[in-house]
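Summary of the model geometry
Here is how the chains run, residue by residue.
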Amino acid sequence: MTRASPFRSSRRRAAIPRVATAGQAWRGITVPRAERSSVRARVPVHFGRFRTSGTSATGSDECTATPVWTFLCSVEIGNFAELRRELGVAAAGCLIAEVEARVASAFPTARTHVTGRASLEFWLDGETRADADAALERVQRELTMSAGADGTCRIEPVLAGAAARAPGADEVRLAEAAEAAAAAARREQRIVVYDIEVATGTLDRLGLNRDLAGAIARGEMCLHYQPKLHVRRQRVTGVEALVRWRHPEHGLIYPGDFIPAAEEARVIADLTLWTLDQVIGDQRRLAKAGHDLEIFINISGQLLNDAGFVAEACDRVRSMNGRIGFEITETSVIRDPDTAIAHLREIAAIGVPIAIDDYGAGLSSLAYLKQLPARELKIDKMFVMQLTSSNRDPLIVRSTIDLAHAMEMEVTAEGVETQAALALLGVMGCDMVQGFLISRPVPFDALLDFLAAEPHLVRPIPGKGAFNQPASFWKRA
Ligand code: C2E
Ligand code: MG
Ligand code: MG
C-alpha cells in the first residue's frame, strides 16, 4: 500500500524515529496484503507512538517509551478576518506559519500540518487524557502574542482536540471527533477536547458524582483566573477565580458539568473553602509580582443558607488577610431570603465585597436587590454579547447601569467579546468589563504573563467615536 502521509510539514518529519514496521507502510514501503488492514487500524506512524524520548504533551522533557494516549489537536486563528483587515493580506498570510513555529517549538516531537490560511493541526502523544488539555492550554499561552508592527493586534485562537488510546486508535474517528470538538470550541469559545472512548461530548454523570468526593484530596481541582478591566482607569483591578476539574480520564471539566453535582453531593462547601485557600495563596504570589488585585470567588446559593460555611469562610478571609470578594446570584437569595440576607450582611461587615452575578438572567426582584449589601452588579453576558447587534439589549444594559449607579453599586459587564461592545459600554458609563476580548479565564502562570504584558494588550477606548452618542440616543426604543 502506498499512501502519502497527510502531513506536509517536512520540518517535523525528520524527527520521526524510523523504528516501526507498521509505520513503514505509511511511507510507501510494501506490506503484505494480509497485514494491511490491521496495520492501518493499529498504528498510523504519524501518531508518533514509537517516540522513545523527547517532549511529552505537557511540554516536559521526559522519556515516554509507550505513550498511552494519542491526540489530534487543531488550532485556528479565530479572528483571522479582523487581523487581515488590520495587517493587510500579505502579513496576515504569514501568521499561520508563525503559529506553526510556536507550536513546533513548544512540542518538538509534534507533527504539525497547516490545513488552511488560518488553521493547522498537530499530533501529539500523552500519558494521561488530561495531557491534551494541558497541551492546548500551553498553545493558548504561546499564542497570546501580539501581531502587527505596533503590536496592537492579538491572535484569538480556537483550540480543540480529540483523544484516543494509542494502541489501536482509529484515525478516521479521531479526525471526526477533532472536527466536532473544533465546532464546539468555536461555538462555546473555549478549549474543547473530545475523547473518542467516551461518546463524543457526553460524560458519565454518575461516575463523575462518585469521583467528585475525592477529587480535591487527589489534587484534581484547579483554578483559572479571568481579569476584570476597569474601564476609566484602563487597568486590571481584579480577577474572578473559576474552578475546573482536571479529571484523569475525561480531561478538563468545566464547572457547569460538576457544580450541580457538588451541590447535590454536599461537597460544595469543601470545594469553596479549598478555592478560598487557593486564591488567598495566589493573591500573595500576585502581590509579590507587583500586582495588587482583588480576587472574586463564586459562592453557590446553597452555601448562603449554611451558617457553618459562612462562619468558616469569614474566619479564613479575616485570619489570612485576603482581599477576597464573593459573587452570588440573586436567584440564590430567593430560596430563604431572610437567612441569606443576614449571612450576606455578616460577610459584608468584615469587608468582603459582594457582587451580584449574572444579573438579569435569573429571577430578579427589586425588593431583594434593595436589601442586598452588594457593592457590584455584574450584567449577565446574554445582554452583552448581542449589545451591538440587538435593538433591545443596549437599552436594557444602559438602564441597568443607571439603576446600579443609583443604588451606589459599580457595574461589571460580562461576556465582552468585541471592541465595539467595549466602546459602547464605556460610553454608557459601565465601570468594569470582563470577557474574551480582555482575556479568557487562564491558569495562574498565564495570568501573570497577561498582567506583565497588560499595558500592551489593553487598547484605549475611543473617547469620541461612533458610539459616543447622547443618552437620548440609547433611550430610543
Ligand atoms: P460566572 O461566574 O458567570 O462566570 C463567567 C463564565 O462566563 C465563565 O464560564 C467564563 O468562562 C465565561 N465567560 C467569560 N467571559 C466570556 C465571554 O466573553 N464570552 C463567553 N461566551 N463566555 C465568557 P465558566 O468558567 O464555565 O463558569 C461557568 C459558571 O460556573 C460561572 O459563571 C459560575 O457560576 C460557576 N462557577 C465557576 N467556578 C465556581 C466555583 O468555584 N464555585 C461555584 N459555586 N460556582 C462556580
Ligand atoms: Mg461569577
Ligand atoms: Mg457571571
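Some details on the overall build of the chain
Each helix and strand counted, the chain has 21 helices and 16 strands in total. Summarising the internal contacts of the chain: among those between residues at least 6 apart in sequence, 67% fall at separations of at least 24.

A closer look at the nonpolar core
In terms of nonpolar packing, the biggest core is built from 72 residues, with I297, I354, V384, A413, V416, L425 and V433 touching the most fellow members. Looking at which element gives the most residues to this core, the answer is helix α19 (residues 419-428), with six residues. Sequence-distant contacts of A413, that is, excluding residues within four places in its chain, are made with I379, V384, V397, L425, C430 and V433. Membership of the second largest hydrophobic core comes to 47 residues, among which are L72, V99, A118 and A135.

Let's talk about the packing of helix α6 (residues 95-106) against helix α7 (residues 130-143)
The N-to-C vectors of α6 and α7 enclose an angle of 130 degrees; their axes lie 10 Å apart at closest approach. By the angle between their axes, α6 is oblique relative to α7. Note on packing geometry: the crossing formed by α6 with α7 is right-handed. Of α7, the residues touching α6 (which contributes V99, R102, V103 and A106) are R138, V139, E142 and L143. Along the lines of polarity and charge, the residues of the contact of α6 with α7 split into five nonpolar, no polar and three charged.

Describing the packing of helix α11 (residues 268-288) against helix α13 (residues 307-320)
Across the interface, α11 lies against α13 with an axial gap of 11 Å and an inter-helix angle of 10 degrees. Taken together, the axes of α11 and α13 lie roughly parallel to each other. Facing α11, whose interface residues are A269, L273, L276, D277 and I280, α13 presents F309, E312, A313, R316 and M320. In terms of residue class, the contact of α11 with α13 is built from seven nonpolar, no polar and three charged.

With respect to the site of ligand 1
Taken together, 25 residues lie near ligand 1, and V243, P255, N298, S300 and G435 sit nearest. Split by residue class, the shell around ligand 1 holds nine nonpolar, ten polar and six charged.

Thoughts on the pairing of strand β6 (residues 157-165)
The element β6 is largely enclosed, with a buried count of eight among its nine residues. Taken together, the nine bridges between strand β1 (residues 69-77) and β6 define a ladder with antiparallel strand orientation. Residue E76 lies in a different strand from β6, and its bridge partner there is V158. Here β6 pairs with strand β7 (residues 192-195) via four bridges, running parallel.

A closer look at unusual backbone geometry
The phi torsion at R266 lies on the positive side, around 60 degrees, for a residue other than glycine. Along the chain, the position of R266 falls in the loop between α10 (259-264) and α11. Positive phi, normally seen in glycine, also occurs at D358, with a value near 50 degrees. Within the element layout of this structure, D358 appears in strand β13 (residues 354-359). For D358, a count of 19 C-beta atoms within 10 Å translates into the label partly exposed.

Observations concerning the sheet that holds β1
A sheet is described by the order of its strands in space; here five strands give the open sequence β2-β3-β1-β6-β7, paired in mixed fashion. The open sheet has two edge strands with one neighbour each: β2 (111-116) and β7. Strand after strand, the sheet turns through a mean of 20 degrees between neighbouring axes, direction not considered. Sheet strands in contact with α7 are β1, β3 (119-126), β6 and β7, and its direction is about 160 degrees off that of β6.

Notes on the environment of T115
Note that T115 resides in strand β2. When the C-alpha positions of T115 and S74 are compared, they lie 9.3 Å apart, and in sequence the two are 41 residues distant. Look past the residues within four positions of T115 in its chain and what remains in contact with it is L120 and E121.

A word on the pairing of β1
With nine of nine residues buried, β1 lies mostly within the body of the structure. Both faces of β1 are covered, namely the face carrying W69, F71, C73, V75 and I77 and the face carrying T70, L72, S74 and E76. Of the pairings in the sheet, the one linking β1 to β3 comprises eight bridges and is antiparallel in character. Bridge assignment links V75 to a residue of β3, and that residue is L120.

So, the environment of A166
In this structure, A166 sits in the loop between β6 and α8 (171-188). Among the residues examined, A166 registers 19 C-beta atoms within 10 Å and is labelled partly exposed. A166 sits 39 residues away from E127 along the chain, and the two C-alpha atoms are 9.5 Å apart.

Some details on α7
An α-helix turns once per 3.6 residues; consequently, residues spaced three or four apart project the same way. The terminal C-alpha atoms of α7 lie 20 Å apart, and with 14 residues this matches the ideal 20 Å at 1.5 Å per residue to within 8%. Of the residues making up α7, those classed as buried are A130, D131, A132, D133, A134, A135, L136, V139 and L143.

Section: the confidence of the model for the chain
With 77% of its residues at a pLDDT of 70 or more, the chain shows a mean pLDDT of 79. This model gives residues 1-64 a pLDDT under 50, and the stretch forms 102 contacts once residues within four places in sequence are excluded.

Overview of the environment of P260
Within the fold, P260 resides in helix α10. Accessibility expressed as a C-beta count within 10 Å gives 14 for P260, which makes it partly exposed. Here the alpha-carbon distance between P260 and N209, two residues 51 residues apart in the chain, equals 9.7 Å.

Rules and cut-offs
- Residues numbered from 1 in each chain as written.
- Chains lettered and ligands numbered in written order.
- Predicted model: local features only at pLDDT ≥ 70, side-chain atom pairs only at ≥ 80, totals over all residues.
- Helix = DSSP H or I, 4+ residues; strand = E, 2+ residues; numbered from the N terminus.
- Contact = placed C-beta atoms within 7 Å.
- Core = buried A, V, L, I, M, F, W, Y, C linked by C-beta atoms within 7 Å.
- Buried ≥ 20, exposed ≤ 12 C-beta atoms within 10 Å, placed from the backbone.
- Axes fitted to C-alpha atoms, helices over the stretch in contact; angles between N-to-C directions.
- Parallel < 35°, antiparallel > 145°, perpendicular 65-115°, else oblique.
- Left-handed = near helix turned anticlockwise from the far one by under 90°.
- Nonpolar A, V, L, I, M, F, W, Y, C, P; charged D, E, K, R; others polar.
- Near = placed C-beta within 6 Å.
- Pairing = 2+ DSSP bridges.
- Expected span 1.5 Å × (residues − 1).
- pLDDT = per-residue confidence, 0-100.

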